[in-house]
Amino acid sequence: MPRLHVNIDHVATVRQARKERNPDPVAAAVICELAGANGITVHLREDRRHIQDRDVRILRQTVKTFLNLEIALTDEMVAIALELMPDAVCVVPENRLELTTEGGLDAAAAAERLAQVLPRLHDAGVTSSVFVDPLPEPIEACAKAGAHYVELHTGGYADARGAARESQLQRLETAARYAHELGLRVNAGHGLDYDNVQPVAALPYVEELNIGHAIVARAVLVGLDAAVREMQDRILGAGQGEG
Ligand code: PXP
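Procedures and definitions
Position numbers for residues start from 1 in each chain and track the written sequence from start to end. Selection of residues for local features in this predicted model requires a pLDDT of at least 70, selection of side-chain atom pairs for listing and counting requires 80 or more, and totals for whole chains, interfaces and linings are taken over all residues. Side-chain figures throughout are based on the complete set of non-hydrogen atoms in the structure, without hydrogens or water. Each pair of strands is called paired provided DSSP finds at least two bridges between the two strands. Only runs of H or I of at least four residues qualify as helices and only runs of E of at least two qualify as strands under DSSP, and these elements are numbered from the N terminus. Here the axes come from fitting lines to C-alpha atoms, over the contacting stretch only for helices, and the angles between their N-to-C directions go from 0 to 180 degrees. Every residue pair with non-hydrogen atoms within 4.5 Å of one another is taken to be in contact. Candidates for patches are residues over 30% relative accessible area with no salt bridge; among them, like charges are joined within 9 Å and nonpolar side chains (Val, Leu, Ile, Met, Phe, Trp, Tyr) within 5 Å. Here, Shrake-Rupley sampling with a 1.4 Å probe gives the accessible areas, and only protein chains in the shown set may cover a residue. By definition here, a salt bridge exists when the distance from a side-chain nitrogen of Lys or Arg to a carboxyl oxygen of Asp or Glu is within 4 Å. When accessible area is computed with a 1.4 Å probe and restricted to protein chains, residues below 20% of their type maximum are described as buried, those above 50% as exposed, and intermediate ones as partly exposed. Think of it this way: one heavy atom of a residue within 4 Å of a molecule or strand is enough to make that residue near it. Pairs of N or O atoms within 3.5 Å make up the polar contacts considered here, provided that, within protein, one atom can donate a hydrogen while the other can accept it, and that residues adjacent in sequence are counted only when both atoms are side-chain atoms. Residues are sorted three ways: Asp, Glu, Lys and Arg are charged, Ala, Val, Leu, Ile, Met, Phe, Trp, Tyr, Cys and Pro are nonpolar, and all the rest, Gly among them, are polar.

> Give me the sheet that holds strand E3 (residues 67-71): which residues, what numbers.
The parallel closed barrel is built from eight strands, whose spatial order is E1-E2-E3-E4-E5-E6-E7-E8. Adjacent strand axes in the sheet meet at a mean angle of 25° when their direction is disregarded. Summarising the sheet, E3 and strand E4 (residues 88-91) pair through four bridges and their orientation is parallel. For Glu-70, the partnering residue across the bridge sits in E4 and is Cys-90. Relative to E3, helix H3 (residues 53-62) is tilted by about 155°, and along the sheet it contacts strand E2 (39-43) and E3.

And the structure:
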C-alpha cells in the first residue's frame, strides 16, 4: 500500500489569515508523524500565501520521517531547495491567480529546464518528482529529463462522478503502468479524500499519496468539539480562582 504524506499547507493558511503564530505547521507536522504519517509535504509558493521560508527551515530540522518540498521551477526556489535539502523535491506548475495547483506541469515544454535542474538536485542527494497530468507526453518528458518520480495529478479523478470517475481511474492506472515501463517511480495526489482515496491507493506502482486539504478540513471538524469545550471550561473557571 502507498505511504501517506500529509500536506500541511492549509494549517499555514489558517495561520496566515491573521499573520500570527498559530496554528504552527511545525507543530502540525509533529502530530501528523505521531499519528502515523510517513512523510510531510509543503509547497513554498512564490507568493508565500501559506508556507513561509521559516516553516521549511524548521521542518527540515524537525521532521523525522520524510520531508517533501513542492516548488515551481524558478531560480529562487531551486536555490532554496539546494540550501535546505529536503528529502525530496516535487516540481509543480505555479500560477499566481490559482487557488490551488490546477494542472500538472507541461513537462515537455519545461524539458530543457528540467534537464538542467534535476541533475543538480540529484547530485545534492535530493530525490526528484514532477507533478504531471496522467498523460503519455509529460511522462515521457520526465523520463527523458531523468526524474526519479512522477506524481500523477488525481484532480480529474476526484472531480469526476459515476462512469466518468471510472474512466479517470483507468487513465491513472494506464499512466502509472506507462511511467513504470519507462523506469519512473510513481506517486499520486490532489483532491484525494476519505471517500475517494481507496481506488487510488490500490493502483499498481503508486508508492506515495500526497493528501492535504481533506485531512486539514477533517481535523477542523473533528477537533472543534474539544476546542469549544476547552474554551467553555476556561470561561466557566473564571472567578473561581483559575487562571
Ligand atoms: N500534490 C501536489 C503536487 C499538490 O500541489 C497538492 C496541493 O498542494 C497536493 C498533492 C495535495 O492536494 P490536496 O490538498 O487536494 O490533497
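> Can you explain a nonpolar patch on the surface? Please cite residues and give values.
On the surface, Val-220, Leu-221, Leu-224 and Val-228 cluster together to form a nonpolar patch covering roughly 380 Å² of accessible area. Along the chain, Val-220 falls in helix H10 (residues 213-237). Classification of Val-220 by relative accessible area gives partly exposed; the value is 43%.

> If you had to explain the site of the ligand to someone new, which residues and values would you point to?
Neighbouring residues of the ligand: 14 residues in total, closest Thr-101, Glu-151, Gly-191, Gly-212 and His-213. Between the ligand and Gly-191 there is a distance of 2.8 Å, counted from an oxygen atom to a backbone nitrogen or oxygen. Bound to the protein, the ligand loses 94% of the 400 Å² it would expose on its own. Considered class by class, the residues forming the shell around the ligand number three nonpolar, eight polar and three charged.

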